[in-house]
Structures are given as structure tokens and as C-alpha cells.
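Each chain is listed here by its residues.
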Amino acid sequence: MLPAQFRMRRSADFGATVKQGRRAVQPDVIVYSRVLDDGRTDTPDPSAATPPRVGLIIAKSVGSAVERHRVARRLRHVARDMLGDLRAGEQLVIRARPGSSAAKSESLRTQLRAGLRSVHRAGGAVR
């Protein structure tokens, strides 16, 4: 399970990340990344940095409700392991493609890591 503080919930955040963020396309997932700010808040406390947030988009084209929930659980589990690779203030949206329902968890992990490396290498996430 993805801890609550790292979950993206607002529709506006999803939309802005998809429209303004960097994108990396993989066979079973598309990764969008956007950095809101430099990760700092108004407080001088360094532990008060804005945590990264992760959101999932799983369309009906992925499969039935049971298949979509299964894909969501696997992607949340993989994303939880990658939280340390995300920057403070980074918003990450993972869009499942139709083939993701047949993909193994290890394949999704590999594709997600490759997508994240790609958006970070391409000049970092858009501010």
C-alpha cells in the first residue's frame, strides 16, 4: 500500500502533471513527472519539504474492474518501492496501458524504473 502522504488525490494535480509534465512511454505504462517547486516550504525546517506524490490512471481499456484493481495494487506496490528515487515536490502519474493487465509485477517494476530514469534524464521534471 502507498502511504497516504504520498498519494495524489486532486483531479487538478493529475491534469497538470499529465499536461505539463515530462512523459516516458513504456510498453505497459506511461510515466508523467512534474516538480511543483524546489521541495521547500515556508518553514526553515528541512523535514517539512513537500513529499513526492504518486497517482494512478487505470482506464477501462485495461480490463474488467477486477483486472483494473489488480493492476492498481501491483502498481501501488511498485511505486512504494520507488519513493526514494523521487525528488521532493515531484508529482508522478502512472497511466496503465491495456497490456498491463497481463504484465508480471517484475516487468511493471522494470518499466516504471526505466520510465522514471527517462523523465529524470530528459532534463528533470518540468517546474
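Remember, predicted model here, so these are calculated numbers, not experimental data. (Residues numbered from 1 in each chain as written. Predicted model: local features only at pLDDT ≥ 70, side-chain atom pairs only at ≥ 80, totals over all residues. Heavy atoms only, no water.)

Let us now look at the nonpolar core. The biggest cluster of nonpolar side chains holds 22 residues, and the ones touching the most others in it are Val 54, Leu 75, Leu 92 and Ile 94. Among the elements that take part in this core, helix α2 (residues 65–82) stands out by supplying 5 residues, more than any other. In contact with Leu 92, not counting residues within four places along its chain, are Met 8, Val 31, Tyr 32, Ser 33, Arg 53, Val 54, Gly 55, Leu 86 and Leu 116. Counting residues in hydrophobic clusters, the runner-up holds 5 residues, among them Met 8, Phe 14, Tyr 32 and Val 93. (Core = buried A, V, L, I, M, F, W, Y, C linked by side-chain atoms within 4.5 Å. Buried < 20%, exposed > 50% of the residue type's maximum accessible area, 1.4 Å probe, protein only. Helix = DSSP H or I, 4+ residues; strand = E, 2+ residues; numbered from the N terminus. Contact = heavy atoms within 4.5 Å.)

Moving on, we get to the environment of Thr 110. You can see Thr 110 is positioned in helix α3 (residues 105–121). Sequence-wise, Thr 110 and Val 78 are 32 residues apart; in three dimensions their C-alpha atoms are separated by 9.4 Å.

This part is about the pairing of strand β2 (residues 29–35). Burial within β2 is extensive, with 7 of its 7 residues counted as buried. Alternating positions in β2 separate into two faces, Val 29, Val 31, Ser 33 and Val 35 on one and Ile 30, Tyr 32 and Arg 34 on the other, with burial throughout. When strand β1 (residues 22–25) meets β2, the two strands line up antiparallel, connected through 4 bridges. Within the sheet, the bridge partner assigned to Arg 22 lies in β2 and is Ser 33. With antiparallel pairing between neighbouring strands as the criterion, β1 and β2 make up a hairpin whose turn holds 3 residues. Taken together, the 7 bridges between β2 and strand β4 (residues 90–96) define a ladder with antiparallel strand orientation. Along β4, the bridge assignment pairs Val 31 with Ile 94. (Pairing = 2+ DSSP bridges.)

This part covers the pattern of salt bridges. Scanning the entire structure with this criterion turns up 5 salt bridges. Between Arg 113 and Asp 85 there is a salt bridge, with its nearest N and O atoms 2.6 Å apart. Here Asp 85 lies in the loop between α2 and β4 and Arg 113 lies in helix α3, a separation of 28 residues in the sequence. Overall, the relative accessible area of 30% leaves Arg 113 in the partly exposed class. Of the charged contacts in the structure, one is a salt bridge between Arg 109 and Glu 106, with a shortest N-O distance of 3.4 Å. Residue Arg 109 and its partner Glu 106 are located together in helix α3, separated by 3 residues, close to a single helical turn. By relative accessible area, Arg 109 is classed as buried at 19%. (Salt bridge = Lys/Arg side-chain N within 4 Å of Asp/Glu carboxyl O.)

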